Amino acid sequence: MMMLRRLLRKRWVLGVVFGLSLIYFLTSTLKQEERTIRDRTLLEVKDSDHRIPWKVRFNLGNSSRQITQCRNSIQGKTLLTDELGYVCERKDLLVNGCCNVNSPSTRQYICKSCLANGCCSIYEYCVSCCLQPDKQQLLERFLNRAAEGFQNLFTAVEDHFELCLAKCRTSSQSVQHENTYRNPQAKYCYGESPPELLPV
């Protein structure tokens, strides 16, 4: 113990400790700066024709494909949307996760409560409407433009259903002044533009 104290009192030992601390500080700072620069360049789109290699696969409604399990929107209190675009009441959900297509209330690709701009008042209808095969071009245009601000969110999306689930969730585009919906009646949007701004 006494030997360690004497060693720490020597100036050259203190100089070595200070030098190593300085080197550690500088390398950490430079690495942080490199990460910041790399993150900024990821968000910049240099070429307008540059297409991002998105992993999204669009299901064009091929009914010959046998589905044994379905993913669904899960969160709805009374309504659910399955990955085939069917909207059903929770009581009509089958054990495999698909909506019971034989139920009179089950509908496919329903856009009830959706406006022309692609904003809907009910989340499940937004997802179902978004899953329509004719919405593929609209969604691909959005994906190619999403590189600027939403790349991290939408690169994790792997198919049409996951894209619609993510797109229909409310986002910063749905709100004004960070605490009020732009349009409280139609806040779930799959379209290219945010909800219409309603007068206060």
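Here, the structure is the one placed above.
What comes next concerns the included structure.

### Remarks on the overall build of the protein
Logical step 1: For the protein, the helix and strand inventory stands at six helices and seven strands.
Logical step 2: Counting from the amino terminus, the protein carries its helices and strands in the arrangement α-α-β-β-β-β-α-α-α-α-β-β-β.
Logical step 3: As presented, the protein carries roughly 13700 Å² of accessible surface, and 56% of it is formed by carbon and sulfur atoms.

### Focus: the state of the cysteines
Logical step 1: Here the structure, examined in full by the defined rule, presents seven disulfides.
Logical step 2: Covalently, Cys114 is tied to Cys120 through a disulfide, its sulfur atoms 2.0 Å apart. Here the S-S torsion is close to 100 degrees, and the disulfide linking Cys114 with Cys120 is therefore right-handed. As far as the burial class goes, Cys114 and Cys120 line up, both buried.

### A closer look at the sheet that holds strand 1 (residues 79–81)
Logical step 1: Strand order in the open sheet made by the three strands is 1-2-3, with antiparallel pairing throughout. The open sheet terminates on both sides in strands that have one partner only, identified here as strand 1 and strand 3 (107–108).
Logical step 2: Examined bridge by bridge, strand 1 and strand 2 (residues 86–89) share three bridges and lie antiparallel to one another. Residue pairing for strand 2: Leu79 is matched across the bridge by Glu89.
Logical step 3: Where helix 3 (residues 123–130) meets the sheet, it contacts strand 1, strand 2 and strand 3, and its direction lies at approximately 20 degrees from that of strand 1.

### As for the packing of aromatic side chains
Logical step 1: In the structure shown here, the tally under the stated rule is one aromatic pair.
Logical step 2: Ring centres of Tyr123 and Tyr188 lie 5.8 Å apart, and the angle between their planes is 70 degrees; this geometry places the pair in the edge-to-face category. Of the two residues, Tyr123 is situated in helix 3 and Tyr188 in strand 7 (residues 188–189); the sequence distance between them amounts to 65 residues.
Logical step 3: A residue is classified by how much of its surface remains accessible, and Tyr123, at 4% relative accessible area, is buried.

### Points about the pattern of salt bridges
Logical step 1: In this structure the tally under the stated criterion is six salt bridges.
Logical step 2: Between Arg71 and Asp159 there is a salt bridge whose closest N-O contact spans 2.4 Å. Linking Arg71 in the loop between helix 2 (11–43) and strand 1 with Asp159 in the loop between helix 5 (151–154) and helix 6 (160–168), this pair joins segments that are 88 residues apart in sequence.
Logical step 3: Take Arg71: its relative accessible area is 30%, and that puts it in the partly exposed class.
Logical step 4: With its nearest N and O atoms 3.7 Å apart, the salt bridge here joins Asp134 to Lys135.
Logical step 5: Its relative accessible area of 57% is what places Asp134 among the exposed residues.
Logical step 6: On the accessibility criterion, Lys135 (14% relative accessible area) is buried.
Logical step 7: What you see here is one network of salt bridges that share partners, running through Arg71, Glu83, Asp159 and Glu162.

### Notes on a nonpolar patch on the surface
Logical step 1: Nonpolar side chains collect at one region of the surface, where Trp12, Val16, Leu20 and Ile23 lie side by side and expose about 450 Å² of accessible area between them.
Logical step 2: In this fold, Ile23 is placed in helix 2.

### Some words on the side chain of Asp92
Logical step 1: Counting through the fold element by element, Asp92 comes out in the loop between strand 2 and strand 3.
Logical step 2: Looking at Asp92, its side chain comes within polar contact range of the side chain of Ser105, at 3.1 Å.
Logical step 3: Filtering out sequence-adjacent residues up to four positions away, Asp92 remains in contact with Cys98, Cys99, Asn100, Ser103, Ser105 and Thr106.

Basis of the calculations
- Residues numbered from 1 in each chain as written.
- Predicted model: local features only at pLDDT ≥ 70, side-chain atom pairs only at ≥ 80, totals over all residues.
- Heavy atoms only, no water.
- Helix = DSSP H or I, 4+ residues; strand = E, 2+ residues; numbered from the N terminus.
- Areas by Shrake-Rupley, 256 points an atom, 1.4 Å probe, with all protein chains shown as cover.
- Disulfide = S-S within 2.5 Å.
- Buried < 20%, exposed > 50% of the residue type's maximum accessible area, 1.4 Å probe, protein only.
- Pairing = 2+ DSSP bridges.
- Contact = heavy atoms within 4.5 Å.
- Axes fitted to C-alpha atoms, helices over the stretch in contact; angles between N-to-C directions.
- Phe/Tyr/Trp six-rings, centres within 6.5 Å; stacked < 30°, edge-to-face > 60°.
- Salt bridge = Lys/Arg side-chain N within 4 Å of Asp/Glu carboxyl O.
- Patch = residues over 30% accessible without salt bridge, like charges linked within 9 Å, V, L, I, M, F, W, Y side chains within 5 Å.
- Polar contact = N/O pair within 3.5 Å; in protein donor to acceptor, adjacent residues only side chain to side chain.

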